[in-house]
Every structure is written in structure tokens, then in C-alpha cells.
Amino acid sequence: MNNEYMKNVVVRFCGDSGDGMQLTGNMFSSLSAILGNEISTLPDFPAEIRAPQGTLGGVSGFQVNLGQGVYTPGDKADVIVAMNAAALKVCVQNGLFHEHAVIIVDTDTFTKPDLEKAQYTTDNPFTELNIPETVQIVPVALTTMTKESLKDSGLDNKSVLKSRNMFALGVVCWLFDRPIDKAIHFLEQKFAKKPQLVPTNVKVLTDGFNYGQNLALSVSQIRLEANGDSLEGHGNYTSIAGNKATAWGLIAAAQKCGKQLFLGSYPITPATDIMHELAARKDMGVVVVQAEDEIAGVCTAIGASFAGDLACTSTSGPGLSLKSEAIGLAVMAELPLVVIDVQRGGPSTGLPTKTEQTDLLQALYGRNGECPVVVLAASTSANCFRFAYEACKIALENMTPVILLTDTYLANGTALWRIPKLAELPAITPQTAPDSLKGHFNPALRDERGVRYWAFPGMEGFEHRNIGLERDAEKGTISTNPDNHEKMVRARQAKVAQVANQIPDLCVQCNAGSDTLLVGWGSTEGHLHAAADELGCALAHFNYIYPLPKNTEAVLKQYKRVIVCELNSGQFALYLRSQFEGLHFEQYNEIKGQPFAVERIVNYVKG
Amino acid sequence: MEASQYKSDQYVRFCPGCGDHAICMALQKAMAQIGIPPHQIAVISGIGCSSRMPHYLSPYGFNTIHGRGGAVASGVKTSHPELTVWQMSGDGDCMAIGGNHFIHEIRRNVDLNVCVFNNRIYGLTKGQYSPTSPKGFVSKSSPFGTVERPFIPGELVLGARGTFFARTLDVDMPTTIDCMIKAHQHKGASIIECLVNCVIFNNGTHSWIADRETRAEHSIILKHGEKMIFGKENDKGLAMEGFNIIIVPADDPRVLVHDAHCQDDILHHKLVQMGPENGLPVALGVIRDVEEETYDAAVSKQIADVRAASKAHTFDELTATLEQFER
């Protein structure tokens, strides 16, 4: 690497799953965000909480791309911090580095037993891994120096070793010329609830930073270019993880329309952080029920919706399967409900900590009967906020369940988020029954859009019986009449279809005039954007899955070559084919549990 | 309030002679005596004959899906503790498919009034054995008799750390109404096992106690603070001998006085287990009624406490607490 200013740099922290790599990576990313860098992060950790120490299976990684024009966490790292021999091996074998990368290794963790645990067959790991000479290996005795730093702290050996990540963070802060006082301030914030941990961590961090200056002869500091104007505009920015952004979108929506926010949920990776965040937000008046199972999660939410709340449930693919029948109930009862599916690798338990876009068809069709729901997909960690908010707005205004798809990559990744004020967010007008219906309300009454009215317990003169059975289109009571059933099926279908009138047109990104169009949906937007830029082609990226934007067909028809790129075996392509006869869709699919690599998309499209 | 104010305009479609008719009427009368106006009441049910009940009542009603009435009702009550919430369920709905929700609404002590219509059969699916059908019971799905051991609902309620359990019989309207009123007064999950006859698929299942001739000898109506005395002539009493309940003459000094408010549930266990199997009268009335904090109240209180102690109450105040930079 040279000493010039760089546009963006990819850093990868990797070590044992007990080495605190996620914390270190998150702190460095957040620090960079506060200093004004755009960020995109990719935590990559095993499902086991603590896999056997020093083994290949226990390697936990955290990658961040920082700078400007950042769309993805980056295919390959420019800087790698490898806390042990196993981490180095995983990084190198997976080709996760650039040819001019700087790799900082803890030389204290390359002893013979360490090498054996990481399944090296020789005594020279660097030669064995065949690391190109262009890569600069920076050996640092991280463990020794952390011990030295804390020798007077009184901490036991185990606690001392746990602080190695702070020494590494200090070195990286020096490498990127981050002001150490900001880093210390951030550390104090991070450990606000455990102040006893602050002094030792600050000491190790500072020592790591100062040690970095010793490296100045062998390594150049990296300076990032000042930020351009690729952000959303003026305002206040912070870094936010997708799950937190999702939770906050729900909070904002509830406050905007004056509803109580209710979440019924059951712990499931990678969605649980949404419940964690909302359970901590009692200051915002959020009611959270950690239910006895996934079904109870959605059913308590349906109960809260029946009682007049903004009701939500959060889950991942297996949980969405369990909730299917109850989502059908919300469809039949025509109650507002927000279902958040943070997709992970499937089927069954699958790859709980890895990312995938394989729940699309389940979200669209995975219920008994004719059972349409609105389906949305967030496409960045930051816009999880916007789409959680929109999911609430659509649900409350159209008396329908809305499934919001995110995934592991968005949920755990962080990005720069422009903090909105509540006043600037679009109004939300729940479909509450007007006073004029008092005394003769029934749950089949609809407005001119075909959306039924919402009345809930506590409203005098609106008492009624809601049902999961088919209801009479006029009276709202149980009906098994054949013609009525067909009428009601069509009414529910039309109600969801008319949501298309409320969503924005599909907007072509990148090089709209090209004859090649990449098509994507959900979390792949960043990668596809970067690929389209590089290829000089156009990108149509979908956040509104059902209903689709009205101009979808018109857009798709303009291009000779339309390539639908997905992290599944072609679910969106199948869906598009079912919607638009006669159009040809080429497919590019990966199902590896990992986000796309821009390079692979580019290579595919180039042929 | 009058019972008629709690009737809906729907024609009641239980089979002629079904015990559910009596429970429906008892509930309308109990609601009238309790006096909460219909718009402040929600009646939630799952699937089954019993779950048709909300359609015949004037309050807000929600006939949901099989087994999930307890979870939906828990959501209604937790989100809106100011509402009075009734749950209508059956032996299959809440002890088979909805078993998990049933034990957890009890464990959490959600302030719900739950009527469990126990006819020991699946009626709406036309006659399969249920989790309360006796072992050996012959039904369409057990043509050679079941090989399963049944639940005793009261045991399940106590095992889930229930705070209220009552048992009543379709043909005994005064006791049914009394149990419903006491269930409403009790703050927490109040479970009423309503023994009902299925005239079509399991006729006479409770005849051992339902028959007029033998009812007084085969059942005992427990009342808190009163001696446990039963029999046509009120000549028999219940007493403890070792770990067992025995029948003694009514004037025996050992006759037990019913204490529904006793936290220790050992005796309540013995009482719910009484029946023909052990030669003892079936216990009716309120068997257990103890005070514990309710889940819904605890959830509301925690939110109120945290809100009172925190500075940020709005979204804008919340985002102001973030580490951020301006550009």
C-alpha cells in the first residue's frame, strides 16, 4: 500500500470466537463513522458461541469497508488483523485479501501447538500458505505487549489475554490515523455500564496506539480522502446495525401515529437483536412479550392488533414457517400486522449465522388458501429503518399483514444512517372506523379503496366478532356461501394489490442507457450497484416485492439483457416470470451463505 | 345490566341438548352480574365447538385458529390490561394443539378468565378421542380403545403454578355462574373447567355426577371457608388420613374446611384428583384462588417505572442520545 490518500479501505479483524473480534470491529467501524467515513460491515462468525480455541472452525471475522462511495463491505481486505494462526489460514485460504494487503499477525500465537490446532503441516505458516510477496506481513507480539501493558493492573492472566483485542485496535487506530482521544471517548461510552473495565482497556488501547508509531518505519499510515457528497444530504449521521434500524423504524412509526408498539417474538438467530433492542426501549413505551414459541409470538401480536396496537413479530425463516397459519389468520381477519423475517441460510436449521435470500417464495406464497400479504425488502442496514417504518404505514393504512424481509448481512452489518426527525417522516393514518359507523359497524365494511375499517375493544358501539372463518361480504358474520367466498377472496386480493398506488416507481440506477440491466432485490443492492458501476450497465433494484412498482414491466422491457442476481436458486426470477409473460430473464445465483462478491458478478456478466 | 345485553344477534348453533348452551347462558348471566359493559370486554377463542362462543355474545369477540386462543388472548390483555378478557376453549384446543400456550398463560398469570369446555371428545371434527378421554375410550380414531393416559386438567393447571382453578358442571347453572364471577374477581389466569356433555359423540360422559339421582353423592361443591360436606342428606365429609382424602361422617371433627386461598397447593392437588377412580366425589366450585402479581400488570408497571426514570420519551429524544456527527 502506498502513502497516498485512499478512497476507501477494507479492514478485516479475525481471531478466535472468544477474542472479541466483533466488538473490536464494531468499535472501529463506529469510530470511523463518527469521524465521517461511510461504512459497510460484514460480521462473519460461527454458530457456536465458543468453538474449540485456536481451531479453524472457531474463527470469527469482522470486515469493514470505510471511506466514500462505500456500497459493500468489500470483496477482499486491504488490512487484516489476524489474532492467531487459524484466523490467518482461514483468511488466506478463502482469498480474502488484496495482493498489496497489510497483514498484522500476533506472533505470540504461532507456536507449534497453535500451528497444529490450525492444521498446519510445516513450521513456517507463511510459506506454507503461499502468501504472495506483495503482501506485507507485520509481525507484532500482541500477547506479550498486552501482558506488559497490564503487568501492574492486578488483572488475572485470563482477563489480560482478553484485552489483546484492544491492543490490536490501538495499532489499527494508529494505522488509520484516528485521533486516540476520540477512540478513548468511544471506549468510555461503550463501557459506560461497566466503568471498572474502562481504565485497563484505555491503557491497552493507548499502548497499542503508541506502539504503532514504532511500526512507522515499516508500514505507512493510511489516510482516507475527505468525504464526497454521496450521502443522503445534510444532517446528523451515525452508524447503525440493520436490526437496530429495524427496531427503531417500528418505534418511529408507532410514535408517528400515536399507537402503542407491541412486539411478540421468540429468540431466533439472526433476528433476536430486534427483540433485544425493543425490550430495552421501555422508555419509549414499547410492550415486548418474549413468547413461549414462534406461534405465540405472532399470535400475541395478532391479539394486540385486534386490541388496536401497532403489532409486530420478528423472526427468521424457520420461525416464519411456524407463523404461517397465524399470518393467514391476520389476512382473513384483515388486521394490521408487521412480520419481520431476518433471512438466514436454510432450509430447516440450515446456516443460522449466514446470509441468504431464500425465504422470498415463503413470504409470497407460504400459507394455506388464497392468502396475499404485502412483501417488502430492505436493501441496506440503514434503510431497514425506512422499510420497517413503511411496513407499519402500509399495514395500518391498508389493514393487512406486511412481511418485511431483511437478512443476516443487513441485520448484523452496520452502515451510516442519516438520523431523521419524526416530523419529516411521512404521516401514518390508521384505518380506524369513523364515528359515523357507530351502532352499525361490522368487520366487512370497506372504504372506496376496498380496505375494511378497524374498530377495537374499548370503542363503544363498534362491538363485533372477528374470525378466521370466511365472513359474509355484507354482514361480516360467518358464511360458507360459495359465491361469497369467491367475492371475499377477490376482495382481499384487490385490497393488497391496490397498495401499488401508494409505492414509488422503480428507479433505474447506474448507467440507465446501457442495454444490460442487473436486477436484484433486498440486501444485494450495494454489491449490484458496485458491479453495475464497474460494468457500465444499469441496475433495477427492488424494495417493493408485492405488489411490484407499477412501472416494473415498462422498465424491464427496455433492456436487451436482463440478469436477475440473487442469493438463492432463482426465486425472484421465477416470480418475475410469473408476473410478466414473454420477457426473458437471465439468472446469476449464489447460495453460499455469504453476500455476493462484486468481482464474481462482474466476471459473470462479462462472460 | 341484563343478561340479554350480552347476547349477540346470532342464532346459537350448538347441537340441541349440548352442554355448551348452558355455559353460554351462564356466561351471559355472569357478565350481567359483573356489569362490565360489552365494549370493554373481549372474548377470544380458538377452534372447536366451544370456540364458537364469541359469536353468541355481544362484546368484542375473536374466533381465531386452533389452539392459539390463549396466545391471542394474552396479547390482548398484555397490550390492554384495562380490558376484561375471556377465553373460550375446549379440552383439545387448550390441552392438545394449544397446550403450550395454555401452560404458559397460567405460568405467567395473565389476567384472563378461561372457560375450558371439557367433553372428553373432539366434537367439531366428529368424534375423535381427546387428551382428557379415559384410557380405553373407543372413538373413531381409537376403534380398539385409546392406549393413552389422559390429563386431569386441574393437575395441569396446578402443575403450571396456576393461581385459580374452578370446576363446574353444565347442568349446575348456579355453581357455574358463581365460578365465573369469582374467576373474574380473581386477578390472574383463572381457569374454569366446565364439564359439558356432548350429546352427539360422547353422550353421558359426565353422567356419574350429572345424573340428578346420584349427583349429591358423587360430587361436592367446595366453598372457601366452609366444611367439605356432601351427600343427599349432607351427611358425609372429607378428611385427611395420611396423604389420602377419605370420606367420614359429616360430624367427624376431622372434616376439612376448604381453604382456596392457601398458597400451598398440596391439598388442592388431592381435591382435583377426586373422582370415581378413587371412590371420592368429584370436586366442583372454586378449588384454588390465590393472589399473585399478574403478568399484564407487571409488564405495565415496569414500563411505567422505566419511563418515569428515563429522560428520553420520544423518538427525537432517543436519537439525540446517539453518538453522531453533523455534515
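Residues numbered from 1 in each chain as written. Chains lettered and ligands numbered in written order. Predicted model: local features only at pLDDT ≥ 70, side-chain atom pairs only at ≥ 80, totals over all residues.

With that settled, consider the interface of chain A and chain B. With 54 residues of chain A at the interface, the matching set in chain B holds 49 residues. Put simply, the parts of the chain that give the side of chain A that touches chain B at least two residues each are α1 (21–34), β9 (236–241), α10 (242–257), β10 (261–265), β11 (287–290), α12 (294–306), α13 (317–333) and β17 (465–467) of chain A. Element by element, the count of residues in the side of chain A that touches chain B is highest for α12 of chain A, at nine residues. Grouping the amino acids of the side of chain A that touches chain B by side-chain chemistry returns 27 nonpolar, 17 polar and ten charged. The sheet contact formed by β9 of chain A and strand β12 (residues 325–326) of chain B spans two bridges and is antiparallel. Within β12 of chain B, the position partnered with Asn236 of chain A by the bridge is Glu326 of chain B. (Contact = placed C-beta atoms within 7 Å. Helix = DSSP H or I, 4+ residues; strand = E, 2+ residues; numbered from the N terminus. Nonpolar A, V, L, I, M, F, W, Y, C, P; charged D, E, K, R; others polar. Pairing = 2+ DSSP bridges.)

We now examine the domain arrangement of chain A. All names here are of chain A. Along its sequence, chain A is organised into domain 1 (5–224), domain 2 (237–424), domain 3 (431–502) and domain 4 (508–606). Once you take the C-alpha centre of each, domain 2 and domain 3 turn out to be 24 Å apart. Between domain 2 and domain 3, the residue contacts involve 18 residues of the former and 17 residues of the latter. Elements supplying a minimum of two residues to the side of domain 2 that touches domain 3: α13 and α15 (384–398). (Domains from an automatic or database assignment.)

Of all hydrophobic cores here, the largest spans 269 residues; its most connected members are Cys14, Ile80, Ile302, Val338, Leu376, Cys392 and Leu404 of chain A. Those residues in contact with Cys392 of chain A that lie beyond four places of it in its chain are Leu250, Ala253, Leu310, Val338 and Ile428 of chain A. Core analysis: the next-biggest nonpolar cluster, separate from the first, contains eight residues, Phe14, Cys18, Cys198 and Phe201 of chain B among them. (Core = buried A, V, L, I, M, F, W, Y, C linked by C-beta atoms within 7 Å. Buried ≥ 20, exposed ≤ 12 C-beta atoms within 10 Å, placed from the backbone.)

A few words on the environment of Leu376 of chain A. Residue and element names in this part refer to chain A. Here Leu376 lies in strand β14 (residues 374–377). When the C-alpha positions of Leu376 and Ala573 are compared, they lie 16 Å apart, and in sequence the two are 197 residues distant. Ignoring any residue separated from it by four or fewer positions in sequence, one finds Leu376 in contact with Phe387, Glu390, Ala391, Val402, Leu404, Leu405, Asn543, Tyr544 and Ile545.

Right, let's get into the sheet that holds strand β23 (residues 586–589) of chain A. All names here are of chain A. Spatially, the five strands line up as an open sheet ordered β18-β20-β19-β22-β23, and their pairing is mixed. Looking along the sheet, the strands with just one partner apiece sit at the ends: β18 (508–510) and β23. Recorded for the sheet is a direction-independent mean angle of 30° between the axes of neighbouring strands. Taken together, the four bridges between strand β22 (residues 561–566) and β23 define a ladder with parallel strand orientation. Opposite Cys565, over in β23, you have Tyr588 as the bridge partner. Helix α18 (residues 525–535) rests against β18, β19 (516–521), β20 (538–542) and β22 of the sheet, and its axis sits at about 170° to β20. (Axes fitted to C-alpha atoms, helices over the stretch in contact; angles between N-to-C directions.)

Residues and elements named next belong to chain A. In this fold, Ala497 is placed in helix α17 (residues 482–497). Since 15 C-beta atoms lie within 10 Å of it, Ala497 is described here as partly exposed. With 50 residues separating them in the primary sequence, Ala497 and Pro547 have C-alpha atoms 5.9 Å apart.

Turning next to the pairing of strand β4 (residues 59–67) of chain A. If a strand is regular, its side chains alternate between the two faces of the sheet. Residues and elements named next belong to chain A. Among the nine residues of β4, nine are classified as buried, and the element is accordingly described as predominantly covered. Covered by surrounding structure in β4 are Val59, Gly61, Gln63, Asn65 and Gly67 together with Ser60, Phe62, Val64 and Leu66, the residues of both alternating faces. When strand β2 (residues 8–16) meets β4, the two strands line up antiparallel, connected through nine bridges. Each residue of the ladder has a partner; that of Val10, found in β4, is Asn65. Summarising the sheet, strand β3 (residues 38–44) and β4 pair through seven bridges and their orientation is antiparallel. Note on β4: the bridge partner recorded for Pro43 is Phe62.

What follows concerns the environment of Met274 of chain B. All names here are of chain B. Checked against the element boundaries, Met274 lands in the loop between α9 (266–272) and β11 (282–289). Of the residues examined, Met274 has 20 C-beta atoms within 10 Å and is grouped as buried. Spatially, the C-alpha atoms of Met274 and His218 are 10.0 Å apart, while their sequence positions differ by 56 residues. Beyond its immediate chain neighbours, meaning those up to four positions away, Met274 contacts Ile245, Leu280, Pro281, Val282 and Ala283.

Let us now look at unusual backbone geometry. Residue Pro270 of chain A is bonded to the preceding Thr269 of chain A through a cis peptide linkage, with omega at 0°. Cis rather than trans, the peptide bond between Gly346 of chain A and Pro347 of chain A has omega equal to 0°. Its location among the elements puts Pro347 of chain A in the loop between β13 (337–343) and α14 (360–365). Phi is positive for Asn130 of chain A, which is not a glycine, with a value near 60°. One can find Asn130 of chain A in the loop between α4 (125–128) and β7 (136–140). For Asn130 of chain A, a count of 8 C-beta atoms within 10 Å gives the class exposed. Positive phi is not limited to glycine here, since Asn109 of chain B has a value of about 65°.

Right, let's talk about the sheet that holds strand β8 (residues 229–230) of chain B for a bit. All names here are of chain B. Spatially, three strands are ordered β8-β9-β10 in an open sheet, and the strand pairing comes out antiparallel. The open sheet has two free edges, formed respectively by β8 and β10 (244–249), since each of these has just one partner strand. Relative to strand β9 (residues 236–241), β8 runs antiparallel, the two sharing two bridges. If you follow Phe230 over to β9, its bridge partner there is Lys236.

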